[in-house]
Amino acid sequence: MVASLSLRVYTGTNAATESAAVTGIDFISADNATNSSGNRTSNPVTVGTNSFSKHLRLKIDTAPANAVTNFKFWTDGTGQSNVALRAKLSQGTGGATPGTGGTTPSATALSGDADAYTYTSGAKGTWDSASYSTQNHVTKEMQLQLQPNASATPGNWTQETLNYSYDET
Amino acid sequence: MSDAFAYWAELTQADGSLVQLDLEEHGWAEPERLAQARAFTIVPKDTNSRWPFIRVHVPEGAKPIFKSRPIMNLKPFGVELFRAYAVGWFKDGESHWTWAFPNGSIETETDNPTIADLLAKSITDKMMADALAAQEAAKAAEQEEPNG
């Protein structure tokens, strides 16, 4: 079978509550997995504060013929002025859902993180280098957080391009 | 045979015989037949598509290898942009890949093909332009509506 992987958001204590499959994420002032205009309107991020960290894993919904591995993440390399996007890759442990070693999402600035815009097509970040072959197993966690500083222009965040890939054998 | 992959595959064995492979099925990489392979061919299932036909010659003592790589957009669209395919051989701790892309391009001897990045950017840029045009068209249509 060709593998089917879905993106999941992990919320709550130790980011142990797994969402249904999502196709998008919101950077907001709340810990939820909703992706909608209403969610963003109801939970805006005030300039000078951080969004709640978004904790993401990929879940194997259909097992591959052999394995999936080499999970990479990258951006278009540039962001909106005064709005940082921070990333922390390869967190916790993958395996049986919901994985282990997750940290509770919060609006406190991530530590041990990196400027997400340094991960580009020419310098992709490693989300997870482990190999998975079992249905319902998940990858390690990737954390993302929006950090608009006090000089950021209020309004919608400019949509930036975030991509990921994996290898299937 | 499922049609999820764009390719089916064929091994040419040392004795000249051909073995068809379903790359989507567990066990396609059966060690004995791989050990005897002298060429690894991937053939597009849709011969009218732009997917390239690729045949890689496998040196004696090398193992044929295959993988595919979905390139996914997380933001702003949350969709699979395309899937690239790589075929090659492994020997003495080194993999030698030949990549195939949906626009007909081929790139060799890398595990981080440049064409994948260019193609992902091109597809995303077009999707963004289309989304913007749709938004502007909707706005224009709203403005043209007569006041009641």
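Calculation criteria
Every chain's residues receive numbers from 1 upward, in the order its sequence appears when written. Written order decides the labels, with chains lettered from A and ligands numbered from 1. With pLDDT at 70 or above as the cut-off, local features in this predicted model cover only qualifying residues; side-chain atom pairs require 80 or more to be listed or tallied, and sums for whole chains, interfaces and linings still use all residues. Only hydrogens and water are removed before side-chain values are computed, so all heavy atoms of the structure are retained for them. We define a salt bridge as a contact between a side-chain nitrogen of Lys or Arg and a carboxyl oxygen of Asp or Glu at a distance within 4 Å. Only DSSP runs of H or I with at least four residues qualify as helices, and only runs of E with at least two residues qualify as strands; both kinds are numbered from the N terminus onward. With a 1.4 Å probe rolled over the protein chains alone, any residue whose accessible area is under 20% of its type maximum counts as buried; one over 50% counts as exposed, and the rest are partly exposed. We call two residues in contact when some of their heavy atoms are within 4.5 Å. His is not counted, nor are the chain ends; Lys and Arg add positive charge and Asp and Glu add negative charge. Under the rule applied, a polar contact is a pair of N or O atoms within 3.5 Å (in protein, one hydrogen donor and one hydrogen acceptor; residues adjacent in sequence only if both atoms are side-chain atoms). Any two strands are treated as partners once DSSP identifies two or more bridges connecting them. As a rule, the C-alpha atoms of each element are fitted with a line to give its axis, helices using only the stretch in contact, and angles between N-to-C directions run from 0 to 180 degrees.

### So, the pattern of salt bridges
Residue and element names in this part refer to chain A.
Part 1 of the reasoning: Counted under the stated rule, the structure contains 15 salt bridges over all chains.
Part 2 of the reasoning: Measuring nitrogen to oxygen at the nearest pair gives 2.9 Å for the salt bridge that ties D61 to R8. Here D61, found in strand β3 (residues 54-62), pairs with R8, found in strand β1 (residues 4-11); they are 53 residues apart in sequence, far enough to count as distant.
Part 3 of the reasoning: Looking at R8, the relative accessible area reads 10%, which means it is buried.
Part 4 of the reasoning: D113 is the partner of R86 in a salt bridge, and the nearest nitrogen-oxygen pair spans 3.0 Å. Here R86, found in strand β5 (residues 83-91), pairs with D113, found in the loop between β6 (95-96) and β7 (114-115); they are 27 residues apart in sequence, far enough to count as distant.
Part 5 of the reasoning: Given the relative accessible area of 22%, R86 is considered partly exposed.
Part 6 of the reasoning: What you see here is one network of salt bridges that share partners, running through R8, E18, K59 and D61.

### Overview of the environment of F77 of chain B
Part 1 of the reasoning: Relative to the helices and strands, F77 of chain B resides in the loop between β5 (63-75) and β6 (80-91).
Part 2 of the reasoning: The exposure class assigned to F77 of chain B is partly exposed, which follows from its relative accessible area of 24%.
Part 3 of the reasoning: Between the alpha carbons of F77 of chain B and W97 of chain B there is a distance of 30 Å; along the sequence they are 20 residues apart.
Part 4 of the reasoning: For F77 of chain B, the contacting residues outside a window of four places in its chain are T23 of chain A together with T124, M127, M128 and A131 of chain B.

### Side note on the side chain of K75 of chain B
Part 1 of the reasoning: You can see K75 of chain B is positioned in strand β5.
Part 2 of the reasoning: The buried charged residue K75 of chain B lacks any salt bridge partner; its closest oppositely charged side chain belongs to D26 of chain A, at an N-O distance of 4.9 Å.
Part 3 of the reasoning: Polar side-chain contacts of K75 of chain B include one of 2.7 Å to the backbone oxygen of I25 of chain A.
Part 4 of the reasoning: Setting aside its immediate chain neighbours within four residues, K75 of chain B contacts I25, F27, W157, Q159, E160, T161 and L162 of chain A.

### Observations regarding the environment of F71 of chain A
Part 1 of the reasoning: Mapped onto the fold, F71 of chain A is located in strand β4 (residues 68-75).
Part 2 of the reasoning: Residues within four places of F71 of chain A in sequence aside, it is in contact with L5, L58, G125, T126, W127, D128, A130, Y132, T139, S165 and Y166 of chain A.

### Concerning the sheet that holds strand β2 (residues 18-21) of chain B
Residues and elements named next belong to chain B.
Part 1 of the reasoning: Taken together, the four strands give an open sheet; going across it, the order is β2-β1-β3-β4, and neighbouring strands pair in antiparallel fashion. Every other strand in the sheet has two partners, leaving β2 and β4 (54-57) as the edge strands with one partner each. Averaged over all pairs of adjacent strands, the angle between their axes in this sheet comes to 20°, without regard to strand direction.
Part 2 of the reasoning: Bridge analysis of strand β1 (residues 7-13) against strand β3 (residues 37-44) gives seven bridges, and the strand direction is antiparallel. Following the sheet pairing, W8 is matched in β3 by V43.

### A word on the sheet that holds strand β8 (residues 106-108) of chain B
Part 1 of the reasoning: Here we have seven strands laid out as an open sheet, ordered β8(A)-β4(A)-β11(A)-β5(B)-β6(B)-β7(B)-β8(B), and antiparallel in their pairing. Lying at the two open borders of the sheet, with one neighbouring strand each, are β8 (125-128) of chain A together with β8 of chain B. Across the sheet, the mean angle from the axis of one strand to that of its neighbour is 25°, orientation sign disregarded.
Part 2 of the reasoning: Where β4 of chain A and strand β11 (residues 162-168) of chain A come together, six bridges link them in antiparallel fashion. In the strand pairing of β11 of chain A, W74 of chain A is matched with N163 of chain A.
Part 3 of the reasoning: Most of the contacts of helix α2 (residues 114-144) of chain B go to β6 of chain B, to which it runs at about 175°, and overall it touches β4 and β11 of chain A together with β5, β6 and β8 of chain B.

Honestly, it's all geometry; don't read function into it.
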